Every structure is written in C-alpha cells, then in structure tokens.
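# Fold and contact review
Residue-level listing of the chains:
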Amino acid sequence: MPTTTADFRAATDDVRAGTGGITLVCGTRPELIKLAPLMRVFGAECAVVYTGQHYDRSLYSRIRADLPPSDRFHELGVGSGRRGGQLGRTISAVDEVLADRPGRVVVVQGDTTSALAGALAANAHDLPLVHVEAGLRSHDRAMPEEHNRVLIDHLADLCCAPTELNRANLLAENVPAERIAVTGNTVVEALQAALPSTEDRRAVLAARGLERDRFVLATIHRPENVDDAARLAVVLHELGRLPLPVVFPLHPRTAKSIERFGLRHLLEPLVELEPQAYPAFLALAAEAAVLVSDSGGIQEEASVLKRPVVVVRRSTERPEIAGTFGTRVLPGPSIGAEVARWLDDVPGHRERLGTVPSPYGDGTASERIAVALGSLLAHRAGAAAG
C-alpha cells in the first residue's frame, strides 16, 4: 500500500479533527512498544487504555519508561487470573472507558486477551476497529493467541497485515480485500528508535563483562515452555550446556515457575538478569552471537537486527523468517544442535544476514496504518452522510 507525505498528513489531520481521536487498547509490554510509533504519529489525539494484563511492578515500570509522554494514559489494573475471568473483567473495564470517552476509532495490536477485550468492547460501542498486526496464523488451536487473533481479525473494520502472507491468510478466511491493508510491522520503527548507538551498546556489554559475538541471549516465557516442569527443566538444562555464556533476562512468569518447580539450580550456569528496558535489551540482542527464544516479537526483531534466532516452540505464527533468520525447534537437544550451527562462523553469518531484508517492512508501517485508518474514517463519514 504506497503512501505519500500528502496522504499521511491528510490522514493524521482527519483523525485529529475528530473529538477524542484514536483510542489504543493494550495490556502488555510488547503491545505498547509496537503501538508507540502510532502514539507518536497521532500525538495528543491518542488515548491509551492500558489494561494491566502485565501486572508485575518491576516490568510495569520499564513499560512506562519505554513510552512517549502521554497525559491520556488510562491504567485499569485488571491483573491476572483464569483466561475467561480476565477477559470478562477486561471487557467490562474497557467498556467503561469507552462509554465515558468513546473517541472515533479503537486500535488494538496483536493477539492478547487485552486485544480481544478491546475489540469486543469497540464492537459493543459500534466504534470502528483497527487491528494492527492482523493475519498472523500458527494454525495451532492449542495456542490461546490463535483464537484471539482470528476473532479480532473477523471483528475488525481494518486489518493491518504486516506481510503479504498475512494478507493471504485473511483472504483464505474470506475477510474482504477492502478491509485489508499490507502495512509492514511497527516493530521495525519502534526498534530503530530505541536501538542504542554502537558506543552505547559496547558500554552495555562492558558493564556485564560480555564481548560482541561471544555470548548467547535467551528468553523463555511462553506457557507451553514454562508451565510444565519437565519441559522447563529441559530448556534450562540445554541452555546451561551451550558453549558460550548465556545471558538470560528472567521473565516474571518464568521466575515463578522456576521457584514453584524447584528448578533454581538450573539457573546457576546462566547469566541471570532482571527484565531489561527495551533499549538495553536491544543492545544485548544486537551484539549476541545467536538468540534463543519463544517470543514472537523477538522473531521479528531478529530480522531487523540481522541476528539469528533459535525459536523454541511447537508452532509459530511468523514463518516469514524460517530459513533466513530463524529456525524452530522443540525443547531438547535440538536447541544445542541448532545453536552450534549458528556458532560455526559467527562473523560470516553476521555478514550474510546483514544483506537479507526484513520481511516486516521498511520502517514506515505507522504511516501506512495512518493512511489506511484515515481512509476508513472517511469512508464511514461518507456512508453516514449519504
């Protein structure tokens, strides 16, 4: 979807012209990071409804530090709990915000419980819904996020698909073509804005006694890996056997599982860190020899940073990086075998990956989303006037 400067200015002016403007509904750190470029695009007309699905205080303080300033930040604090109860509480909380300050359009990002709650609340208020990062499919019905993303896409008035593959997924489900815009992913510009300079990255490494290309960066937090004691033990054991130091920022969910299952001893070979602010994490990721992760966002970020990632999951909704930046493996010896393949020639792999474009766009996704959103609002206004 090509854009011009005039298209972009017209679209943002159109949104700003309406009372209340755009309402972003989200509840996790990755959502906020990826929506921050849109917050910058729409400025004062952008309200943020943060549900509090990520409720750990240390992580939350870093979430707020990653964001542009906003005086329209609504913190709901719905917290954790069973999925159904959390969804119900979140819908009710978002509904109250929209009843008080409805705005003109609701935007949700990704596939979390908060995103689905925002979509359902927008639908209940008959507000147009925009889904950023639409059309991702793992085809794995055991993954709760798969149900969320399908439901959101079919509720959305505008599906902002990062790639042509995502667009094809939507078309295969009979989502009308006029409701789809291929925009790229806002993660590209969010990362570019947050990535520290070469000098600052070196300082981050020096502070931790690390050397470029001489360590592995690992993150594990998904329920399929950390809610099962045997599987979590296997992952930690395999990380501890890798031939380079393994830097391991410890997600709150993972930390709780390690304590619950009595696996603390398996952290001893690892360089354990507290959750990192986004720039500090990117500094580590950009300088690592290889990444090991079950995160969807890190799969995207690896393609921008030009680093290899070993994806520890049974399925992925981001197959675009397979065979270039990423390889998917199951928990077990395959982790070590795949990492070893990337360690056979770290400088060579770094040089080769540096020439491979990211499948997630050129860093203009927020502008493309703004243009598509402006067109949606203009169409609805025309239909109402007619």
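So, here is what we can say about the structure in this document.

Quick notes on the rules
Residues numbered from 1 in each chain as written. Predicted model: local features only at pLDDT ≥ 70, side-chain atom pairs only at ≥ 80, totals over all residues. Heavy atoms only, no water. Helix = DSSP H or I, 4+ residues; strand = E, 2+ residues; numbered from the N terminus. Buried < 20%, exposed > 50% of the residue type's maximum accessible area, 1.4 Å probe, protein only. Contact = heavy atoms within 4.5 Å. Areas by Shrake-Rupley, 256 points an atom, 1.4 Å probe, with all protein chains shown as cover. Phe/Tyr/Trp six-rings, centres within 6.5 Å; stacked < 30°, edge-to-face > 60°. Lys NZ or Arg CZ within 6 Å of the ring centre and 35° of its normal. Axes fitted to C-alpha atoms, helices over the stretch in contact; angles between N-to-C directions. Parallel < 35°, antiparallel > 145°, perpendicular 65-115°, else oblique. Left-handed = near helix turned anticlockwise from the far one by under 90°. Nonpolar A, V, L, I, M, F, W, Y, C, P; charged D, E, K, R; others polar. Pairing = 2+ DSSP bridges. Polar contact = N/O pair within 3.5 Å; in protein donor to acceptor, adjacent residues only side chain to side chain.

What follows concerns the overall build of the protein. Counting its secondary structure elements, the protein contains 17 helices and 13 strands. In the protein, which comprises 386 residues, the proportion classed as buried is 57%. For the protein, contacts bridging at least 24 residues in sequence account for 69% of all contacts bridging at least 6. Of the roughly 15,700 Å² of accessible surface on the protein, 52% is carried by carbon and sulfur atoms.

All told, the structure shown has 1 aromatic pair when counted by the stated rule. Its end group placed over the ring of Phe-261, Arg-260 keeps NZ or CZ at 4.6 Å from the ring centre. Seen from the ring of Trp-342, Arg-341 lies directly overhead, with NZ or CZ sitting 4.6 Å from the centre.

Moving on, we come to the packing of helix H5 (residues 113-124) against helix H6 (residues 144-155). At a minimum axis distance of 9 Å, the contact between H5 and H6 shows a crossing angle of 25 degrees. Taken together, the axes of H5 and H6 lie roughly parallel to each other. For H5 against H6, the interelement crossing comes out left-handed. Contacts between H5 and H6 involve Thr-113, Ala-115, Leu-116, Ala-119, Leu-120 and Asn-123 from the first element and Asn-148, Leu-151, Ile-152 and Leu-155 from the second. The residue inventory of the contact of H5 with H6, partitioned by class, reads 7 nonpolar, 3 polar and no charged.

Relative placement of two packed helices is described by the angle separating their axes and the distance separating the axes. The interhelical angle for the contact between helix H2 (residues 29-42) and helix H17 (residues 365-385), taken along N-to-C directions, is 60 degrees, at an axis separation of 9 Å. By the angle between their directions, the pair H2 and H17 is classed as oblique. As H2 runs across H17, the sense of the crossing is right-handed. Residues Pro-37, Leu-38, Val-41 and Phe-42 of H2 pack against Ser-366, Ile-369, Ala-370 and Leu-373 of H17. Class assignment of the residues belonging to the contact of H2 with H17 gives a composition of 7 nonpolar, 1 polar and no charged.

Overall, parallel pairing links the 7 strands, which are arranged E3-E2-E1-E4-E5-E6-E7 in an open sheet. In this open sheet, the two strands that pair with only one neighbour each are strand E3 (73-75) and strand E7 (180-182). Strand after strand, the sheet turns through a mean of 20 degrees between neighbouring axes, direction not considered. Examined bridge by bridge, strand E1 (residues 22-26) and strand E4 (residues 105-109) share 4 bridges and lie parallel to one another. Pairing of Val-25 across the sheet is with Val-108, part of E4. Sitting on the sheet, helix H7 (residues 164-172) is in contact with strand E6 (158-161) and E7, with an inclination near 165 degrees to E7.

So, on to the sheet that holds strand E10 (residues 271-273). Pairing in this open sheet of 6 strands is parallel, and the strands run E10-E9-E8-E11-E12-E13 from one edge to the other. Strand pairing shows two members of the sheet lacking a second neighbour, E10 and strand E13 (326-329), which therefore form its edges. Geometrically, the sheet is characterised by an average inter-axis angle of 20 degrees between neighbouring strands, direction not taken into account. Relative to E13, strand E12 (residues 309-312) runs parallel, the two being bridged by 4 bridges. Counterpart to Val-311 in the pairing with E13 is Arg-328. Sitting on the sheet, helix H11 (residues 229-240) touches strand E8 (216-219), strand E9 (246-249), strand E11 (290-293) and E12, and the angle it makes with E9 is about 145 degrees.

Topologically, Thr-112 is positioned in the loop between E4 and H5. Overall, Thr-112 belongs to the buried group, its relative accessible area being 14%. Once residues lying within four places of it in the same chain are set aside, the contact partners of Thr-112 are Thr-28, Glu-31, Gln-53 and Asn-148.

The next point concerns the side chain of Arg-201. Take Arg-201: it is sitting in helix H9 (residues 198-207). Residue classification places Arg-201 among the buried positions, given a relative accessible area of 13%. A distance of 2.7 Å separates polar atoms of two side chains, one belonging to Arg-201 and the other to Glu-287. Beyond its immediate stretch of four places on either side in the chain, Arg-201 contacts Leu-195, Pro-196, Ala-283, Ala-286 and Glu-287.

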